[in-house]
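Listed below, chain by chain, are the residues.
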Amino acid sequence: MTMEDMEGMMDAETDFEKLFEGSVKNIKEGEVVKGTVVQISKDAVVVDIGYKTEGQISLRQFTDHEGNLTVAEGDEISVLFEKSEDDNGYLVLSKEKAEQMQVWDDIVAASEADRAMNGMISQRVKGGFYVDIAGVTAFLPSSQVDLKPVRNPDALIGTCYDFKILKYNKGKNNVIVSRRVILETEREAMREVTLEKLEEGAIVKGTVKNITDYGAFIDLGGIDGLVHLTDMSWGKVSHPTQVLSVGDEIDVKILKFSKEEGKISLGIKQTKEDPWQTVAKDLLPGTRVKGRVVNITDYGAFVELAEGLEGLIHISEMSWTKIRHPSQRLKVDEDIEVMVLDVDVDQKRISLGLKQVEPNPWDNVEERYLPGTRVSGPVKNITSFGVFIGIEPGIDGLVHISDLSWKKVKHPSEIFKKGQEVEAVVLKIDKASKRFSLSTRELENNPWDGVQERYSPGMIVEGAVTSIADFGAFVELEEGLEGLVHISELNRGKLKAADLKVGEVVEVEVLNVDPDDNKIGLSIRSVVVPLAGDAEAAPAVEADAPTEDAAAPEEEAAQAEETVAIEEAAAPAEEETAPLEEVASAEEAPTEEALVEEAPSEEASSEEATAEEAGEEVEAEAKTEGDD
């Protein structure tokens, strides 16, 4: 090759280089340019931007959150020219930075135009949240999230909203956004529209915005109104939370409206008819209605028949038998059926009855339980004057203390315990007074049957002292059979009545027997009883004692003296007391008040316990307590 040829080739090569350099774009670092995807590998995307060499971008920049590829060969994309070449000779390009630069341009334009941009709340941080705006991370302060404090901040993560750009610094890559500014603008626009439509008496829809102790604030659309506690319901409301919850959508009536002050008074109950306007014709006495127990007091229970309509069941109208407290029959929130007894519209009072919807167990009780009928039931109450037995629901029977047993009973608790199952015999029923008299002693053998055959005047028998009274002592001859030793028949030589002790076994003489009145008169003084240590009654025998003949005059004199003493002691008693049994009967009978006020005293004998009149009067006075 000649020198001329070589020079020609060099000139041609120089011309080609000039031509190539002229065809390559003049691109500067940091510039966003268009490029074409020419190849996609497993970890990179090759992009031709018309430069000397091609550029590689990480495949990660072309995948979505689920890992799907978002680009294909031949697609035209925008990339940022970061560097002319890397260690491998490729251009350094970035799709993400190109997008961010574009977003920054949009952010700047939106801020200048006071325009909102959409973003997603991506993360909760100290003092607020991060918001992703097309790849650019912005900060959302907590005070700019909503018009009111957010109760559950974590619930906002992943939600998308429109935001206003408050501040930005492109150099430091900082952006501050606000959602509250947009909400305030929207609310003000709604407020103007709402104010034009509001008028007193109108019924409008609203949303419960806030609840206080005295009422609730309702958002009517850019403007708030207050529903006072007294305007929430026709019924009794102690706190707004009983009726409303934040976020509830409700109908309210505008009671008062001041456009100048922007104050609105609202009512909820005014959107409904006052139930008392129709109560007079809807609830007539004798009507059965259903309701819910809303309150229980010591004197009764209040039942809600409808919203704002309550009636009272007095404790006396709850059961056919007396109860101590309404809680024995009812519970709060219990649904029940009641009967209307009376309605006072002026005073807004309704009287209700619960027992009236139940059968009255006393209606045919006299036909179902004839005298002599045997019944059984649990002991429901024990008092000093008797025992109450549950016969059936609503009916309790009284076993008076005098009818508990043939033997003497000081207190019913000696025999029975509460809850014990007891069998008894019906004595008498008074339907009008709701008295049911029973007897348990009628089921026992009557020790007074055949008493005249077993005991006759003059008999000397043994018995145990059961009680001592001022007028004498009672001695039990056999179980359930007692006799009275009147005080005039008590003295035994030098021993007086006070020397007797309960439980002591003594010998007595039968003076008289009265089976009709269940009475036996006894005497101790008529029985000769040797008393230890009594020199007169039992003289000691000495070594030089006189013979029987010598002692006879002295013994006869002593006996004559003792006989005179006895006659003198007995004579006044006979004059003052007349017949023994009459005196004993008059002095031993305790009063009715004593039977009621305390358990049978030592003065009360089994004889007086049988007095039917006393029992009936005690039952009358004790009925109220017995029903318990």
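Nothing here was measured: the structure is a model prediction, and the numbers come from that model.

About the thresholds
Residues numbered from 1 in each chain as written. Predicted model: local features only at pLDDT ≥ 70, side-chain atom pairs only at ≥ 80, totals over all residues. Heavy atoms only, no water. Salt bridge = Lys/Arg side-chain N within 4 Å of Asp/Glu carboxyl O. Helix = DSSP H or I, 4+ residues; strand = E, 2+ residues; numbered from the N terminus. Buried < 20%, exposed > 50% of the residue type's maximum accessible area, 1.4 Å probe, protein only. Phe/Tyr/Trp six-rings, centres within 6.5 Å; stacked < 30°, edge-to-face > 60°. Lys NZ or Arg CZ within 6 Å of the ring centre and 35° of its normal. Expected span 1.5 Å × (residues − 1). Pairing = 2+ DSSP bridges. Axes fitted to C-alpha atoms, helices over the stretch in contact; angles between N-to-C directions.

Teacher, can you tell me more about the pattern of salt bridges here?
Side chains that differ in charge, positive against negative, can pair when their charged atoms come close. What the rule picks out here adds up to 16 salt bridges. Between E307 and K272 there is a salt bridge, with the nearest N and O atoms lying 3.1 Å from each other. Placement of the pair is E307 in the loop between β17 (300-306) and β18 (309-314) and K272 in the loop between β15 (263-267) and α4 (279-282), with a sequence separation of 35 residues. For E307, a relative accessible area of 37% puts it in the partly exposed group. Owing to a relative accessible area of 41%, K272 belongs among the partly exposed residues under this scheme. Within the structure, one salt-bridge network assembled from shared partners comprises R292, E304 and D333.

Got a minute to help me understand the packing of aromatic side chains in this structure?
Using the criterion set out here, one finds seven aromatic pairs in the structure. For K95, the ring lying beneath its charged end belongs to F62, and the centroid distance is 5.5 Å. It is R441 that lies over the ring of W406; its NZ or CZ is 4.0 Å from the centre.

Help me out: how do you make sense of helix α2 (residues 95-113) in this one?
Residues three or four positions apart in an α-helix share a direction because the helix packs 3.6 residues into each turn. Between its first and last C-alpha atoms α2 spans 27 Å; for 19 residues at 1.5 Å apiece the expected length is 27 Å, and the two agree. Of the positions making up α2, those classed as buried are K95, A98, V103, W104, I107 and A110. D114 occupies a position one or two residues after α2 and carries a positive phi of about 55 degrees.

Is there a simple way to explain the sheet that holds strand β30 (residues 519-523) in this structure?
In spatial order, the strands read β26-β27-β28-β30-β29; together these five strands close into a barrel with mixed pairing. Between one strand axis and the next, the sheet turns through 50 degrees on average, direction left out of account. Bridge count for strand β27 (residues 472-478) against strand β28 (residues 481-486) is six bridges, and the pairing is antiparallel. Bridge pairing in β28 places F474 opposite L484.

Which parts of the structure should I look at to understand the sheet that holds strand β12 (residues 215-219)?
The strands making up a sheet are joined through hydrogen bonds of the backbone, oriented either antiparallel or parallel. Pairing in this closed barrel of five strands is mixed, and the strands run β11-β12-β13-β15-β14 around the ring. Recorded for the sheet is a direction-independent mean angle of 50 degrees between the axes of neighbouring strands. By the bridge criterion, two bridges tie strand β13 (residues 224-228) to β15 in an arrangement that is parallel. Each bridged residue has a counterpart across the sheet, and for V227 the counterpart in β15 is L266.

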